[in-house]
Each structure stands twice: as C-alpha cells, then as structure tokens.
Amino acid sequence: VQLQASGGGLVQAGGSLRLSCAASGRTFSLYVMGWFRQAPGKEREFVAGISRSGSSTYYADSVKGRFTISRDNAKNTVDLQMNSLKPEDTAVYYCAARRTIATGPIMGVPSEYNYWGQGTLVTVSS
C-alpha cells in the first residue's frame, strides 16, 4: 500500500489543522493505521492509532483530548483532526499502516508498521 499525507501548514498556537492520509490499494480496511511525528533533533513518536474498522482508537498522552483520528474505509483515507495546537506540536507528521491487529499501546510501536507516507510538516507558532 502507498500512503500520501497532506494538510500540513503553518498555524498559530490555539489553532486547528486537519491532516489527511490517502492510501492506494483495495485492502485498506485490513490495515491498522497510525499517525506519528518527528520534531527536529528528536526521535519519531507515536501520536494516534485506529483499528481496522475504526471502532478502537488510541492516543499519546500529549495529544489526548486535542487530537482525533478517524478513517473512511470506503475512501481509503485516515484523518487527524488537531485542535488547540501548541508550539510543541511542531513536527513532520507521518501516517503509517500495519498488517497485524493491534489495539491500545501496541499501536504505538513504530517498528510494527509496514508502510509509511512521506510526511507533512506542521508548524505551530507561538
């Protein structure tokens, strides 16, 4: 599967952005999807994950209550709605797909993801 992330940009603190990830292929619904981010000089970190059906989600503590992950299996897309953005949310955001079933904290393991998009830059100014 090929992943294409979009929707990044420059936003002021407190603002909102919606990221979208479009997937190719006819088996999108068989993949657990995740969003990760990497800030300059830091390691890639988990942001949010969603199960294959969309019924289960999991968030990093740093974004819980501010970000919402969702997916549309008919359109092969997974979105990340980001509200109340903070300067520390500044990073390149990546969507990723994994074949193995996962829920909860297991969604947050980058090495378990098989496919990665190219990333989209989110910059939050103070």
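Look up: the structure comes first, before these words.
Rules behind the numbers
Residues numbered from 1 in each chain as written. Predicted model: local features only at pLDDT ≥ 70, side-chain atom pairs only at ≥ 80, totals over all residues. Heavy atoms only, no water. Helix = DSSP H or I, 4+ residues; strand = E, 2+ residues; numbered from the N terminus. Rg over C-alpha atoms; globule rule 2.2 N^0.38 Å. Buried < 20%, exposed > 50% of the residue type's maximum accessible area, 1.4 Å probe, protein only. Contact = heavy atoms within 4.5 Å. Salt bridge = Lys/Arg side-chain N within 4 Å of Asp/Glu carboxyl O. Phe/Tyr/Trp six-rings, centres within 6.5 Å; stacked < 30°, edge-to-face > 60°.

Describing the overall build of the chain
Phase 1: In terms of regular secondary structure, the chain is built from zero helices and eleven strands.
Phase 2: Element order for the chain, N to C, with α for helix and β for strand: β-β-β-β-β-β-β-β-β-β-β.
Phase 3: Taken over the C-alpha trace, the chain has a radius of gyration of 13 Å; the compact-globule value for 126 residues is 14 Å, and the two agree within 12%.
Phase 4: Across its three principal directions, the C-alpha atoms of the chain cover 40 × 25 × 25 Å.
Phase 5: The buried share of the chain, reckoned over its 126 residues, is 44%.
Phase 6: Once local pairs closer than 6 in sequence are excluded, the contacts in the chain between residues at least 24 apart make up 59%.

A short note on the pattern of salt bridges
Phase 1: Inspection of every chain in the model, using the stated rule, returns six salt bridges.
Phase 2: Salt-bridge contacts for E45 lead to R37; the nearest nitrogen and oxygen are separated by 2.6 Å.
Phase 3: Exposure remark for E45: the relative accessible area of 35% places this residue in the partly exposed category.
Phase 4: Residue R37 is classed as buried on the basis of its relative accessible area of 4%.
Phase 5: Put simply, R37, E45, R66 and D89 are held in one network by salt bridges that share partners.

So, unusual backbone geometry
Phase 1: We note that N76 has phi near 60°; this positive angle belongs to a residue other than glycine.
Phase 2: Along the chain, the position of N76 falls in the loop between β7 (67–72) and β8 (77–82).
Phase 3: Judged by relative accessible area, which is 14%, N76 ranks as buried.
Phase 4: Even without being glycine, S84 reaches a positive phi, approximately 50°.
Phase 5: Secondary-structure assignment places S84 in the loop between β8 and β9 (91–98).

Description of the packing of aromatic side chains
Phase 1: Within the structure shown, the criterion is met by six aromatic pairs.
Phase 2: Their ring planes at 80° and their centres at 5.9 Å tell us that Y31 and Y115 sit as a pair that is edge-to-face. With a gap of 84 residues between them, Y31 in the loop between β3 (17–23) and β4 (32–38) and Y115 in strand β10 (residues 115–116) connect regions that are remote in the sequence.
Phase 3: By relative accessible area, Y31 is classed as buried at 8%.
Phase 4: The partly exposed category is assigned to Y115, whose relative accessible area is 26%.
Phase 5: Look at F36 and F46: their rings are 5.5 Å apart centre to centre, the planes differ by 70°, and that puts the pair in the edge-to-face class. Within this pair, whereas F36 is found in strand β4, its partner F46 is found in strand β5 (residues 45–50), the two being separated by ten residues in sequence.

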